Amino acid sequence: SNLIYFGEALVDDIRRLYRLSEEQRRRMDGLLSSEKFQETIANATLHITRTNIKTRLKRLARVVSNSLRDEDLEPESVDDMMWCAVTLTERDIEVLGIVYDMQRDLLTPENLGKQRGQRTNQLQRKWQEWWWAHVKSYQGVRGLDFQNSIARLQAAGLVGPIPKSVAESPVRSEEHTSE
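Residues numbered from 1 in each chain as written. Predicted model: local features only at pLDDT ≥ 70, side-chain atom pairs only at ≥ 80, totals over all residues. Heavy atoms only, no water.

What to know about helix α8 (residues 116-134)
Part 1 of the reasoning: For α8, which comprises 19 residues, the first-to-last C-alpha distance of 27 Å matches the rise-based estimate of 27 Å (1.5 Å per residue) to within 8%.
Part 2 of the reasoning: For α8, the full list of buried residues reads Gln 122, Trp 127, Gln 128, Trp 130 and Trp 131. (Helix = DSSP H or I, 4+ residues; strand = E, 2+ residues; numbered from the N terminus. Expected span 1.5 Å × (residues − 1). Buried < 20%, exposed > 50% of the residue type's maximum accessible area, 1.4 Å probe, protein only.)

Okay, here's the thing in structure tokens:
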């Protein structure tokens, strides 16, 4: 049933891509019959056995269809994304969204032109502000859940080290408690 669900999700995604443009359709027609696409599907079949969670299977289909759209069917890049699709939890994806929303401004050409130390300080300030705003929400079990998601995202190579508390930030906590 997992294979059928994945196949249906993949067909839906490919139909969506077909509707984008005639040029997209012509490119995809050639790729769908290619040996690389067949290898990608065989690889996806192996990943299907790692989960029975529908949202993860849908993510896996989206990885395959986006790889097809981008004409990037190289096993090294697609396999890593497939692993992420079936391994990361919904909470991990939510945490990745938090990290992205917080840091996307740091990826502008203006910020990328700054020295590394300036960018690091700016990032640490953003995390410090985030922890202060969310300290009560991420204590106890929920805090461990957040840290576990960060660890899985780090293991996948999707994020780097993230300060876990204000104590690890550049500003000592005593400075904030006296305010």
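What about the nonpolar core?
Part 1 of the reasoning: Among the nonpolar cores identified, the biggest contains 22 residues, and Phe 6 and Leu 60 are the most heavily contacted of them.
Part 2 of the reasoning: Those elements giving two or more residues to this core turn out to be α1 (2-18), α2 (22-32), α3 (35-48), α4 (54-69) and α5 (75-87).
Part 3 of the reasoning: Leu 88, Trp 127, Trp 130 and Phe 146 belong to the second largest nonpolar core, which has 15 residues in total. (Core = buried A, V, L, I, M, F, W, Y, C linked by side-chain atoms within 4.5 Å.)

Quick notes on the environment of Gly 7
Part 1 of the reasoning: Checked against the element boundaries, Gly 7 lands in helix α1.
Part 2 of the reasoning: A relative accessible area of 26% means that Gly 7 is categorised as partly exposed.
Part 3 of the reasoning: Considered as a pair, Gly 7 and Ile 162 are 155 residues apart in the sequence and their alpha carbons are 37 Å apart.

So, the layout of surface pockets
Part 1 of the reasoning: For the largest pocket, the calculated volume is near 470 Å³.
Part 2 of the reasoning: In terms of lining residues, the largest pocket is bounded by 18 residues, among which Gln 103, Leu 106, Leu 123, Gly 160 and Pro 161 are the most central.
Part 3 of the reasoning: Contributing elements (two or more residues each) for the lining of the largest pocket: α6 (90-103) and α8.
Part 4 of the reasoning: Ranked by residue count, the leading element in the lining of the largest pocket is α8, at six residues. (1 Å grid on protein atoms, 1.4 Å probe; cavity = no way out; pocket = protein on both sides within 12 Å on 5 of 7 lines; lining within 4 Å. Points joined across faces, edges and corners; volume = space filled by probe spheres on them.)

Some details on the packing of α1 against α3
Part 1 of the reasoning: α3 packs onto α1 with a crossing angle of 140° between their chain directions and a minimal axis gap of 10 Å. Classified by the angle between their axes, α1 and α3 sit oblique to one another. The two elements α1 and α3 cross, and the hand of that crossing is right-handed. Across the interface between the two elements, Asn 2, Leu 3, Phe 6, Leu 10 and Ile 14 from α1 touch Phe 37, Ile 41, Ala 44, Thr 45 and Ile 48 from α3.
Part 2 of the reasoning: Here the contact of α1 with α3 is composed, by residue class, of eight nonpolar, two polar and no charged. (Axes fitted to C-alpha atoms, helices over the stretch in contact; angles between N-to-C directions. Parallel < 35°, antiparallel > 145°, perpendicular 65-115°, else oblique. Left-handed = near helix turned anticlockwise from the far one by under 90°. Contact = heavy atoms within 4.5 Å. Nonpolar A, V, L, I, M, F, W, Y, C, P; charged D, E, K, R; others polar.)

Just geometry here; none of it tells us what the structure is for.
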